[in-house]
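# Observations on the model geometry
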Amino acid sequence: MMDTCDLANLLETLCPMFVLVDKDGRIMRVGPTLQKLRPAQPMAGKEFLDVFELVRPRSVTTLSGLMSLAGAKLHLKLHDTPRTALKGLIAPLPQGNGAVINLSFGISILDAVRDYALTSADFSGTDLAIELLYLVEAKSAAMEASRSLNLRLQGAMLAAEEQAFTDMLTGLKNRRAMDVFLGHLITGNAPFALMHLDLDFFKSVNDQYGHAAGDYVLQQAARIMVEETRNDDTVARIGGDEFVIIFKGLSDENVLSAIATRLIKRLQEPMVFGANTCRISASIGTALSSQFTAPKAAEILHAADLALYEAKRQGRSCHRLYSTLVEAQQNNEAPLK
């Protein structure tokens, strides 16, 4: 017959979470992994039911009652914190000499590994828990890689979308972006003003100093427009030297005229490129969405273009409102075309 010491040594190899109790319910030996849960509190010598709380079946409060559960599943918790949940099976020893209770973590294994820094060496070599841990780790790594890939893809999509809506020379929005933004404003019935700006004398800069100087002037003009408008305003380059500024929620013509005046004044300031001084100005036409019963993007753009044409006709370097053209037509001073 195998004595208790030999049995305990065998169990340490096969069942690192066993509890060996004597006939009185006192713990004689515990597996090394189980003791690792309470490294500063030796379990040997204590009453089993003083260390472990039997959660199910609740009716059992004595060792004799525990012995009667041979072959049945036990649900236990450690009495002190952390109150790790455990599952177990009890196998009585011959001649009533006690019992072996083999414990496991069950579904709480992930918490146990985290709380107690357990490794594969703390489990039996044939325990499926190890494979489960590897699967969980592999799944976590795969999910993390998937999340990282998704974030990169989303970033790439956002960058591509931003690039599709951006004028690469000036960094402003392009015509496509302007069309989309106008569509959103009109669909949402949001009032806005549209300012059409054309750079005067820009062709002369290109002809005299070359395209590099022209590009520099366009970039400086774009910077000025951004500086003279609000963060909520949209500044777009829609052609070679043509720009559109959309002022969401702004319909005060006095304010718009003041902005146009500042833009023209700043654009007339000399721009030094290398050894050359470039001089330009701007003609501006402005229309309001509120001037149309059912505004359409093309209609408002055309109205601002008519106002811009009038500014050009008046000698350039000035601003005209579409409303003044409407008033002139009503007074039979000039037809709108």
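Above: the structure in question.
Residues numbered from 1 in each chain as written. Predicted model: local features only at pLDDT ≥ 70, side-chain atom pairs only at ≥ 80, totals over all residues. Heavy atoms only, no water.

On to the side chain of Asp233. Locating Asp233 in the fold gives a position in the loop between α9 (211-227) and β8 (234-237). At 2.7 Å, the side chain of Asp233 and the side chain of Arg230 are in polar contact. In contact with Asp233, other than residues within four places in its own chain, are Ile246, Phe247 and Lys248. (Helix = DSSP H or I, 4+ residues; strand = E, 2+ residues; numbered from the N terminus. Polar contact = N/O pair within 3.5 Å; in protein donor to acceptor, adjacent residues only side chain to side chain. Contact = heavy atoms within 4.5 Å.)

What follows is about the pairing of strand β2 (residues 27-30). One ladder, built from 3 bridges, connects strand β1 (residues 18-21) with β2; its direction is antiparallel. For Val21, the partnering residue across the bridge sits in β2 and is Ile27. Between β1 and the antiparallel strand that follows it, β2, lie 5 residues; Gly25 among them carries a positive phi value of about 85°. (Pairing = 2+ DSSP bridges.)

Take the nonpolar core next. Formed by 31 residues in total, the largest nonpolar core has its most connected members in Met195, Leu197, Leu199, Met225, Phe247, Leu263 and Leu267. For this core, the secondary-structure elements that each account for two or more residues are β7 (192-200), α8 (202-209), α9, β9 (242-248), α10 (253-267) and β12 (281-288). Residue contributions to this core peak at 7 residues, all from α9. In contact with Met195, other than residues within four places in its own chain, are Phe243, Val244, Ile245, Phe247, Leu256, Ala260, Leu263, Ile284, Gly285 and Thr286. In this structure, Val60, Leu86, Leu103 and Phe123 belong to the second largest nonpolar core, which totals 29 residues. (Core = buried A, V, L, I, M, F, W, Y, C linked by side-chain atoms within 4.5 Å. Buried < 20%, exposed > 50% of the residue type's maximum accessible area, 1.4 Å probe, protein only.)

So, on to the sheet that holds β9. If you trace the 5 strands from one edge of the open sheet to the other, you get β8-β9-β7-β12-β13, paired in mixed fashion. The open sheet has two edge strands with one neighbour each: β8 and β13 (319-321). Averaged over all pairs of adjacent strands, the angle between their axes in this sheet comes to 15°, without regard to strand direction. Here β12 pairs with β13 via 3 bridges, running parallel. Its bridge partner being in β13, Thr286 is matched across the sheet by Leu321. In this fold helix α7 (residues 175-187) packs onto β7, β8 and β9, with an angle of close to 25° to the strand it touches most, β9. (Axes fitted to C-alpha atoms, helices over the stretch in contact; angles between N-to-C directions.)

Another aspect to go through is the packing of aromatic side chains. What the rule picks out here adds up to 3 aromatic pairs. Between the aromatic rings of Phe292 and Tyr322, the centroid separation amounts to 5.9 Å while the plane-to-plane angle is 20°, which identifies the pairing as stacked. Pair noted here: Phe292 is in the loop between β12 and α11 (297-313) and Tyr322 is in helix α12 (residues 322-330), with a separation of 30 residues, a long-range link. The burial state of Phe292 is the same as that of Tyr322; both residues are buried. (Phe/Tyr/Trp six-rings, centres within 6.5 Å; stacked < 30°, edge-to-face > 60°.)

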